[in-house]
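Here is what each chain is made of, one letter per residue.
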Amino acid sequence: MDIPVYLVAGFLDSGKTSFINGILEDGFAREDKTLLICCEEGDEEYEKKALDNVTVVTVDDEDELTLAFCKELEKKHHPKQVLIEYNGMWQLEKLYREVLPANWVLYQIMTFVQAPTFELFVKNMGQLMMEKITNADMIVFNRCDDKLKESLRARNLRMVNRRADIYLEDNDGNSEDYLTGDECPFDMTPELIDIPDDDYGVWYVDAMDHPDRWDGKKVHMKLIMCHSKKFPGIHCPGRFVMTCCENDIQFVGIVAKGDSLKAYKNRDWVDITATVKKEHLDAYEGEGPVLYVEKITTTSKPAQEVVSF
């Protein structure tokens, strides 16, 4: 039987225990027997009133947390779900590769960061800090003031982890979304911006929503050639995109200009380097990005042909 695992990560005093107390008090463990593995003991303790259906096991040494140890805990306590308060000084990779039993399914990683110490930890323990950020499904920066919020947003953490829900929490516990709607999901500083194969959907949405941002930028990407039937003479290479499920796959193209484009057939995979310019086109029914192709070659298809937004 699969056992869902919820991992709460972060350094000491980052707010992990407070979060666990909160979800336990909200009834997280009221119906399902829960095993709580505590790998780091801070100043705050678990709320005893919320532990009536929870077994707490403390692990002081990383070497104690092994596959055999976890299997023994499962055999002894028969949990329906597992919560792990993970030590910030321990690497996550070892947990994935060597520790969790095959039937312990990692459902969610929640990372908590004390915002005033974030830059210090990144500087001195960058690998340990960033692996907690890059692997998380939810990230909470707490103890934020307005200056820290601005600094964190300037870092564009979406470049590090695009899938996580990120929240900024102030000293009073008020929380706001990290995204304001203006963040760019790509690093705009390089002279040539490389769009990874899996990120075409993300780039397409951003380029369509913010054509001014991309006007004049040089980009490189791998696309499928397409010559429009609806607008004769218009070339619109793009990718097949799945927005929801397999029944919802559609081709999403971007208008491109260049004499060399006509040499390629529909569905040819091409490697394109182009400068983006914002123009008014009938195909867009208004303004949108246009790729002015400077270099194009035939290429192999990527490992994942269909991308998502």
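K.L.:
Break down the overall build of the chain for me, citing the residues and quoting the values.
P.N.:
Counting its secondary structure elements, the chain contains 8 helices and 16 strands. With 309 residues in all, the chain has 45% of them scored as buried. Sequence separation of 24 or more characterises 69% of the internal contacts of the chain that already satisfy a separation of 6 or more. On the chain, the mean spot of the 36 positive side-chain charges and the mean spot of the 58 negative ones are 6 Å from each other.

K.L.:
Please provide a residue-by-residue account of the state of the cysteines, values included.
P.N.:
One pass over the structure, following the stated rule, counts 0 disulfides. Of the cysteine sulfurs around cysteine 38, a residue in no disulfide, the closest is that of cysteine 39, at 6.8 Å.

K.L.:
Explain the packing of aromatic side chains to me, and be specific about the residues and the numbers.
P.N.:
Enumeration over the complete set of coordinates arrives at 11 aromatic pairs. Measuring from centroid to centroid gives 6.0 Å for tyrosine 200 and tryptophan 203, while their planes differ by 40°, and the two rings are tilted. Taken as a pair, tyrosine 200 and tryptophan 203 lie in helix α7 (residues 200-209) at a separation of 3 residues, close to a single helical turn. For tyrosine 200, a relative accessible area of 1% puts it in the buried group. What makes tryptophan 203 buried here is its relative accessible area of 0%. Here tyrosine 200 and tyrosine 204 contribute two aromatic rings whose centre-to-centre distance is 6.1 Å and whose plane-to-plane angle is 40°, an arrangement assigned as tilted. Of this pair, tyrosine 200 and tyrosine 204 are both found in helix α7, 4 residues apart, which corresponds to roughly one turn of the helix. As far as burial versus exposure is concerned, tyrosine 200 and tyrosine 204 are alike and both buried.

K.L.:
Outline the pairing of strand β1 (residues 3-9), supporting the account with residue identities and numerical values.
P.N.:
Burial runs high along β1: 7 of the 7 residues are buried. Where β1 lies against strand β5 (residues 104-114), 7 bridges are found, and the strand directions are parallel. Residue pairing for β5: leucine 7 is matched across the bridge by isoleucine 109. With 4 bridges connecting them, β1 and strand β4 (residues 81-85) associate as parallel partners. Its bridge partner lying in β4, tyrosine 6 is registered against leucine 83.

K.L.:
Describe helix α5 (residues 126-134), listing the residues and the values that go with them.
P.N.:
Burial in α5 covers these residues: Leu128, Met129, Glu131, Lys132 and Ile133. Tucked into the core, α5 has its buried residues touching β1, α3 (92-99), β5, α4 (118-124) and β6 (138-144).

K.L.:
Could you give an account of the layout of surface pockets, with specific residues and numbers?
P.N.:
Considering only enclosed or pocket space, the largest pocket measures out at about 420 Å³ in volume. Arg158, Arg162, Leu179, Pro185 and Val202 are, among the 15 residues lining the largest pocket, the residues nearest its centre. For the lining of the largest pocket, the class distribution of residues is 5 nonpolar, 2 polar and 8 charged. A volume near 190 Å³ is recorded for the second largest pocket. Taken together, the residues that form the lining of the second largest pocket break down as 1 nonpolar, 5 polar and 8 charged.

K.L.:
Kindly report on the sheet that holds strand β8 (residues 175-177), identifying the contributing residues and their values.
P.N.:
Ordered by their spatial adjacency, 8 strands build an open sheet running β3-β2-β4-β1-β5-β6-β7-β8, and the pairing between neighbours is mixed. Lying at the two open borders of the sheet, with one neighbouring strand each, are β3 (54-58) and β8. Each strand of the sheet is rotated relative to its neighbour by a mean of 20°, with strand direction disregarded. Of the pairings in the sheet, the one linking β5 to β6 comprises 5 bridges and is parallel in character. Note on β6: the bridge partner recorded for methionine 110 is methionine 138.

K.L.:
Give a detailed account of the environment of aspartate 172, specifying residues and quantitative values.
P.N.:
Relative to the assigned elements, aspartate 172 resides in the loop between β7 (165-170) and β8. Between the C-alpha atom of aspartate 172 and that of leucine 261, which follows or precedes it by 89 residues, the distance is 57 Å.

K.L.:
Let's hear about the nonpolar core: which residues, and what values?
P.N.:
Residues Ile37, Leu65 and Phe141 are the most contacted members of the largest nonpolar core, which totals 40 residues. With sequence-adjacent residues up to four places away left out, leucine 65 is seen in contact with Ile37, Cys39, Val59, Cys70, Tyr86, Trp90, Leu95 and Val99. Core analysis: the next-biggest nonpolar cluster, separate from the first, contains 32 residues, Trp203, Val241, Tyr284 and Val290 among them.

K.L.:
A description of unusual backbone geometry should follow, citing residues and the corresponding values.
P.N.:
Across the chain, the bulk of peptide bonds are trans and the bulk of non-glycine residues have phi less than zero. The backbone of aspartate 13 shows a phi angle near 65°, a positive value even though the residue is not glycine. In this fold, aspartate 13 is placed in the loop between β1 and α1 (16-25). Owing to a relative accessible area of 38%, aspartate 13 belongs among the partly exposed residues under this scheme.

Reading the values: rules and limits
- Residues numbered from 1 in each chain as written.
- Predicted model: local features only at pLDDT ≥ 70, side-chain atom pairs only at ≥ 80, totals over all residues.
- Heavy atoms only, no water.
- Helix = DSSP H or I, 4+ residues; strand = E, 2+ residues; numbered from the N terminus.
- Buried < 20%, exposed > 50% of the residue type's maximum accessible area, 1.4 Å probe, protein only.
- Contact = heavy atoms within 4.5 Å.
- Lys, Arg positive; Asp, Glu negative; His and termini not counted.
- Charge placed at Lys NZ, Arg CZ, Asp CG, Glu CD.
- Disulfide = S-S within 2.5 Å.
- Phe/Tyr/Trp six-rings, centres within 6.5 Å; stacked < 30°, edge-to-face > 60°.
- Pairing = 2+ DSSP bridges.
- 1 Å grid on protein atoms, 1.4 Å probe; cavity = no way out; pocket = protein on both sides within 12 Å on 5 of 7 lines; lining within 4 Å.
- Points joined across faces, edges and corners; volume = space filled by probe spheres on them.
- Nonpolar A, V, L, I, M, F, W, Y, C, P; charged D, E, K, R; others polar.
- Axes fitted to C-alpha atoms, helices over the stretch in contact; angles between N-to-C directions.
- Core = buried A, V, L, I, M, F, W, Y, C linked by side-chain atoms within 4.5 Å.

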